[in-house]
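# Chain and residue survey
What follows is the residue order along each chain.
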Amino acid sequence: MQVTAQQLCDLLQGTLEGDPEVSVSAPSKIEEGRPGTISFLGNPKYESYAYTTASSILLVSRDFQPAEPIKSTLIRVDDVYASVAILLDQFGQSQEQEAGVHADAFVDESAEVHTTATVARFAIIEKGAKIGAGTIIYPQVYIGENVTIGENCILFPGVKVYRDCVLGDHCILHSNVVLGSDGFGFAPQADGTFKKVPQLGNVLVENNVEIGANTVIDRATMGSTIIRAGAKLDNLIQIAHNVEIGHNTVMAAQSGVAGSTKVGKNCLIGGQAGLVGHIQLADGTKVQAQSGINKPIKKPGTAVYGSPALAYNDYLRSYAVFRRLPALQQELTELRKKLAELEKKS
Amino acid sequence: MQVTAQQLCDLLQGTLEGDPEVSVSAPSKIEEGRPGTISFLGNPKYESYAYTTASSILLVSRDFQPAEPIKSTLIRVDDVYASVAILLDQFGQSQEQEAGVHADAFVDESAEVHTTATVARFAIIEKGAKIGAGTIIYPQVYIGENVTIGENCILFPGVKVYRDCVLGDHCILHSNVVLGSDGFGFAPQADGTFKKVPQLGNVLVENNVEIGANTVIDRATMGSTIIRAGAKLDNLIQIAHNVEIGHNTVMAAQSGVAGSTKVGKNCLIGGQAGLVGHIQLADGTKVQAQSGINKPIKKPGTAVYGSPALAYNDYLRSYAVFRRLPALQQELTELRKKLAELEKKS
Amino acid sequence: MQVTAQQLCDLLQGTLEGDPEVSVSAPSKIEEGRPGTISFLGNPKYESYAYTTASSILLVSRDFQPAEPIKSTLIRVDDVYASVAILLDQFGQSQEQEAGVHADAFVDESAEVHTTATVARFAIIEKGAKIGAGTIIYPQVYIGENVTIGENCILFPGVKVYRDCVLGDHCILHSNVVLGSDGFGFAPQADGTFKKVPQLGNVLVENNVEIGANTVIDRATMGSTIIRAGAKLDNLIQIAHNVEIGHNTVMAAQSGVAGSTKVGKNCLIGGQAGLVGHIQLADGTKVQAQSGINKPIKKPGTAVYGSPALAYNDYLRSYAVFRRLPALQQELTELRKKLAELEKKS
């Protein structure tokens, strides 16, 4: 997408200095600016780059007074950061796949694909599945039997959704996400082998959820594994069967939640953190990266750290002493010696 | 699949109270029961739900005496839990893919696909590969050259099996599992770069193994990376080259095993645990979640915890003191003061 | 690939004892040798296997004096290990996919695929993408709009590359790698929900990089997430937006790097280690497995361990005391008692 300086200036209600016809196709950082891109100067400590950047257009504050000549076309705006947000949205609205069902896709005749939805090449929509208005199914995606996908979702290449799962509206699933694989349930037998426990539930993802690449969400044994509206899951996350992730909870990459655990609303789960099964985390719980949670957290807003996790500040205090344990041991040894000497004297 | 109450009652050799013609298509939990589903009352503490559930059919013990009227059709059985297991199996026996090679699949002419096997759309079976009787290859699966897959396996959408790998019978591979990717082997060169060490072995998976979504098992440098019969691997697990996982060993999600390590039979490896390379774990070893194992474990049945791992109880005892380290440091400081005073006096 | 003993002997400039016509198709370990394979005797402690192995050919040192008869054909060489490296290369040069664009692949008419490149079945090359000479795109790979792939790369089945990403020459991407998924960026809103921050940058992978199966590298918000030449990434790794991984840095499986962190050259990042965002690691940093790095590392060659990480030896020393914390606490209690007695006396 090519846009001229004048078009952007109008969009941002700014004022223009320089060539109104110069056009750009992408944003870039001011220190990495290239011709054909637009950069911005928000933080004054980057000002020196304004005089050297090769960006075609530079977005600056209305009251910015350059100390040296600037080659880029300037657009002056009231609020640089707000304008950047508008710009990013503008450039992000790219549509790569043409709407409609591609000739090389397979859509079962019993499936319902909305006329404004897209099903790209080598994608598969099985029996009884439903794809809502405006939803884009990229190539090589698999939608199992009786799956329901809401409106304006994006499923990137390679996403696999097992049968009976349900997605709300405005969800984004990145490449190779797996929804609805069997929960990890096995009944131990007398001879040491395991018998598979059939996993008959599904996965229910509510509206406005984004799920990162290669993340896996297992189907429930019975009932649903649930991701509540507004939750954001990063890449390579494990969500086990019958888990529930609360509204607007954010999980960082490579974290994992074991079976039947319920995570509250507005929680923050750090990267590589792990939660055992069958516990509840109160709303607003903050789990530090790499922590291991092995018991329920009942008080909303609690911050925890460590494996097994302690209260955040308690862990830091204990760890501070852990760092000087060799010194502490030495002190103890010296005390013992001195005490032994005193005992001799007394 | 729709089944009537009478059909289920006959299957379970129970007695029926209510409408024998009401039909259900899935099980549900008693507290989440919906019309068209069957629930069960096993644990007496859920009894109150029996009077409110919307499930069409309710499975109860023969001697259950309702305290209030129940809307659902009742099926009374001798052993509720045993009947549930039968039911789950019954509902789990769904077959989504029609047998045979689909028109949109690619099967090399030198490959051997059993007449009762299924190869679904956009799946690929390369030269010399063999697919056993009753095995189901879902869409978008890749089976490399000379791969052998046994009987009655299920490979879910997106599974990738590199050339020369071998799978036994009754194995289940969930979506986007990768078998046989190159082991991570590089020879450091004088200039700081690395030269790839060719990985020429394969992966051998024995019978009755289940492997979770997005798990990766690398091929051996030479010989085989081996998953023994009955082992169960959860999602997002890393198995490096030349590893061996013993019979009936269970590994939880996001755990990882480095190169050439041998894990014994009937071990339990917790979630996010990591094992260094070139060690052996005795049969029945229990590794707590998030632990890091950096040396061999020789005694069968050992339980370990921590990173690096200690004996399970030792870790808990040390961690209990870790929690009160700030207090312990304080005590030490006080002792030192008191001792100094005593020394002055003496 | 079948090769005779004579052909291998010529290749390795060795001398032959036994049948020059016996042929082999793969290497094997001496203790697992099978007919039709070649094994080697490098380490003298494996000598006993030389007399029992079923390998058709055995590679030995020129000065090796067998104590017993050997059934295998012998090839004597000056340097056994150097010869093995040559052999492994020889057997590793297998080409499974025929060059050219397969009939069942989709290549947009605006894409440029070099005549010596391969695009296999059900692979997709979108608008404006470029595939260099000798590069092999395996089945079911997705190459997004305007992606550039250099020469002699291998992209294994199921790799997904989002639009605008750039790969250098001689790169290997294993199955289900995802390049260019959206960085995890959300702006918190007053009502507790999150607004997606568009991710408009790309991923730039330089020459000679290998990336393991199911690893994910997110695109930059603006600019590029960069993997420098010669870096080697294992399986299931998370690389967040705007990260840079330095030349010849090696990352083990399941490690993760949060947003905007810069890892230096020739670093070693252990398995399951995690790095917070917005820090820099000096060249040659060594991060022990499962460690958590939460602050910059400025001194080149630093080794660190623990979560949060300490200097490697400091962590080991502290952990050694951690192991005996219960004893240490007991000693402290005893000291306190003795001191109390002394105080009474004084």
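This structure is a prediction, so every number in the text was calculated from the model and none was measured. (Residues numbered from 1 in each chain as written. Chains lettered and ligands numbered in written order. Predicted model: local features only at pLDDT ≥ 70, side-chain atom pairs only at ≥ 80, totals over all residues. Heavy atoms only, no water.)

Let us look at the overall build of chain A. A count of helical and extended segments in chain A gives five helices and 40 strands. Since a compact globule built from 346 residues should have a radius of gyration of about 20 Å, the 28 Å found for chain A marks it as more spread out than a globular shape. In terms of its C-alpha atoms, chain A occupies a principal-axis envelope of roughly 95 × 65 × 30 Å. For chain A, the residues scored as buried account for 56% of the 346 residues in total. (Helix = DSSP H or I, 4+ residues; strand = E, 2+ residues; numbered from the N terminus. Rg over C-alpha atoms; globule rule 2.2 N^0.38 Å. Buried < 20%, exposed > 50% of the residue type's maximum accessible area, 1.4 Å probe, protein only.)

Residue and element names in this part refer to chain C. Read from one edge of the open sheet, nine strands run 10-13-16-19-24-27-30-33-36, paired in parallel fashion. At either margin of the open sheet sits one strand with a lone partner, and together these are strand 10 (112–113) and strand 36 (280–281). Relative to strand 36, strand 33 (residues 262–263) runs parallel, the two sharing two bridges. From the neighbouring strand, Val-263 faces strand 36, where its bridge partner is Leu-281. (Pairing = 2+ DSSP bridges.)

Each side of the interface is counted separately: chain C has 69 residues, and chain A has 58 residues. Taken as a group, Phe184(C), Met222(C) and Leu335(C) account for 13% of the area that chain C buries against chain A, more than any other trio of residues on that side. Taken together, the connections running from chain C to chain A amount to two salt bridges. Note that Glu210(A) and Lys196(C) form a salt bridge whose closest N and O atoms lie 2.8 Å from each other. Across the chain C-chain A interface, the total number found is 28 residue pairs in polar contact (both at pLDDT 80 or more). Of all elements in the fold, only strand 21 (178–181), strand 23 (194–196), strand 26 (216–218), helix 4 (312–323) and helix 5 (325–345) of chain C reach the threshold of two or more residues within the side of chain C that touches chain A. Considering every element that reaches the side of chain C that touches chain A, the biggest residue donor is helix 5 of chain C, with nine residues. (Contact = heavy atoms within 4.5 Å. Buried area = accessible area lost by both parts, 1.4 Å probe. Salt bridge = Lys/Arg side-chain N within 4 Å of Asp/Glu carboxyl O. Polar contact = N/O pair within 3.5 Å; in protein donor to acceptor, adjacent residues only side chain to side chain.)

The operation relating chain C to chain A is a screw motion whose rotation component is 120°, with 0.0 Å of axial translation and a residual RMSD of 0.1 Å. In symmetry terms, the pair is related by a three-fold rotation axis. (Least-squares fit on C-alpha atoms with pLDDT ≥ 70 in both.)

All right, on to the pairing of strand 7 (residues 73–77) of chain A then. Residue and element names in this part refer to chain A. In terms of burial, strand 7 is largely enclosed, as five of its five residues are buried. Of the two faces of strand 7, the one lined by Thr-73, Ile-75 and Val-77 and the one lined by Leu-74 and Arg-76 are each fully buried. Where strand 2 (residues 15–17) and strand 7 come together, three bridges link them in antiparallel fashion. Residue Glu-17 lies in a different strand from strand 7, and its bridge partner there is Leu-74. Note: strand 6 (residues 57–61) against strand 7, five bridges, orientation parallel. Paired with Val-60 across the strands is Arg-76, a residue of strand 7.

Residues and elements named next belong to chain B. Of all hydrophobic cores here, the largest spans 89 residues; its most connected members are Ile-143, Leu-155, Leu-179 and Ile-239. Those elements that place two or more of their residues in this core are strand 12 (124–125), strand 14 (136–137), strand 15 (142–143), strand 20 (172–173), strand 21 (178–181), strand 24 (202–205) and strand 26 (216–218). Excluding residues within four positions of it along the chain, Leu-155 makes contact with Ile-136, Ile-137, Tyr-138, Val-141, Ile-143, Ile-149, Val-161, Leu-167 and Leu-173. (Core = buried A, V, L, I, M, F, W, Y, C linked by side-chain atoms within 4.5 Å.)

Quick look at the interface of chain B and chain A now. Counting residues at the interface gives 58 residues for chain B, matched by 69 residues for chain A. When the two sides are added together, the surface that chain B and chain A hide from each other amounts to roughly 5200 Å², 61% of it contributed by carbon and sulfur. Between chain B and chain A we count two salt bridges in total. Salt-bridge contacts for Arg336(B) lead to Glu331(A); the nearest nitrogen and oxygen are separated by 2.5 Å. When contributions to the side of chain B that touches chain A are tallied by element, the ones reaching two or more residues are helix 3 (80–92), strand 28 (232–233), strand 31 (250–251), helix 4 (312–323) and helix 5 (325–345) of chain B. Sort the elements by how many residues they give to the side of chain B that touches chain A and helix 5 of chain B lands first, with ten residues. Looking at the side of chain B that touches chain A residue by residue, the classes come out as 27 nonpolar, 19 polar and twelve charged. (Nonpolar A, V, L, I, M, F, W, Y, C, P; charged D, E, K, R; others polar.)

Here we come to the environment of Asn146(B). All names here are of chain B. By the element assignment, Asn-146 lies in the loop between strand 15 and strand 16 (148–149). In this structure the C-alpha to C-alpha distance between Asn-146 and Asp-164, which are 18 residues apart in sequence, comes to 4.9 Å. Residues within four places of Asn-146 in sequence aside, it is in contact with Lys-127, Gly-128, Ala-129, Asp-164 and Cys-165.

A complete count under the given rule lists 39 aromatic pairs over all chains for this structure. Seen from their ring centres, Phe322(A) and Phe322(C) are 6.2 Å apart, and the 70° between their planes marks the pair as edge-to-face. Within this pair, whereas Phe322(A) is found in helix 4 (residues 312–323), its partner Phe322(C) is found in helix 4, the two belonging to separate chains. Given the relative accessible area of 3%, Phe322(A) is considered buried. Ring centres of Phe122(B) and Phe122(C) lie 5.3 Å apart, and the angle between their planes is 65°; on these two criteria the pair is classed as edge-to-face. Residue Phe122(B) is located in the loop between strand 11 (118–119) and strand 12, and its partner Phe122(C) is located in the loop between strand 11 (118–119) and strand 12 (124–125); the two belong to separate chains. Residues Phe122(B) and Phe122(C) agree in their burial class; the two are buried. Stacked on the ring of Phe106(A), the Lys or Arg Arg121(B) has its end atom at 3.4 Å from the ring centre. (Phe/Tyr/Trp six-rings, centres within 6.5 Å; stacked < 30°, edge-to-face > 60°. Lys NZ or Arg CZ within 6 Å of the ring centre and 35° of its normal.)

Domain annotation for chain A reports domain 1 (3–93) and domain 2 (100–316). Placing the centre of domain 1 of chain A and that of domain 2 of chain A at their C-alpha centroids yields a distance of 39 Å. (Domains from an automatic or database assignment.)

The next subject is the pattern of salt bridges. The tally for this structure, following the rule as stated, stands at 32 salt bridges over all chains. Between Lys196(B) and Asp182(B) there is a salt bridge whose closest N-O contact spans 2.8 Å. Residue Lys196(B) is located in strand 23 (residues 194–196), and its partner Asp182(B) is located in the loop between strand 21 and strand 22 (186–188); the two are separated by 14 residues in the primary sequence. Given the relative accessible area of 25%, Lys196(B) is considered partly exposed. Within the structure, one salt-bridge network assembled from shared partners comprises Asp182(A), Lys196(A) and Glu210(B).

Residue and element names in this part refer to chain B. If you check which residues of helix 1 (residues 5–12) are buried, you get Ala-5, Leu-8, Cys-9 and Leu-12. Down the axis, helix 1 shows its buried residues gathered within 100° of arc, on one side only. One or two steps after helix 1, the chain reaches Gln-13, where phi turns positive at roughly 55°. (Arc of directions from axis to C-beta.)

On to the side chain of His102(B), then. All names here are of chain B. One can find His-102 in the loop between strand 8 (100–101) and strand 9 (106–107). Residue classification places His-102 among the buried residues on the basis of a relative accessible area of 14%. One polar contact links His-102 to Arg-121, side chain to side chain, over a distance of 3.2 Å. Contact partners of His-102, with chain neighbours within four places excluded, come to Gln-97, Thr-118, Val-119, Ala-120 and Arg-121.

All right, on to the sheet that holds strand 4 (residues 26–27) of chain C then. All names here are of chain C. Strand order in this open sheet of five strands is 2-7-6-5-4, and the pairing throughout is mixed. With partners counted over all chains shown, the strands left at the sheet margins are strand 2 (15–17) and strand 4, one partner each. Along the sheet, helix 1 (residues 5–12) makes contact with strand 2, strand 5 (37–40), strand 6 (57–61) and strand 7 (73–77), crossing strand 7 at roughly 5°. (Axes fitted to C-alpha atoms, helices over the stretch in contact; angles between N-to-C directions.)

Our next topic: the packing of helix 4 of chain C against helix 5 of chain C. Residue and element names in this part refer to chain C. Closest axis-to-axis distance for the helix 4/helix 5 pair is 5 Å, and the angle between their directions is 65°. Judged by the inter-axis angle, helix 4 sits roughly perpendicular to helix 5. Of the residues in helix 5, those in contact with Val-321, Phe-322 and Arg-323 of helix 4 are Leu-325, Pro-326 and Leu-328. Partitioning the contact of helix 4 with helix 5 into residue classes produces five nonpolar, no polar and one charged. (Parallel < 35°, antiparallel > 145°, perpendicular 65-115°, else oblique.)

With that out of the way, let us pick up the environment of Ala99(C). Residues and elements named next belong to chain C. Counting through the fold element by element, Ala-99 comes out in the loop between helix 3 (80–92) and strand 8 (100–101). Counting along the chain gives 50 residues from Ala-99 to Ile-149, while the straight-line C-alpha distance between them is 16 Å. In contact with Ala-99, not counting residues within four places along its chain, are Thr-116, Ala-117 and Thr-118.

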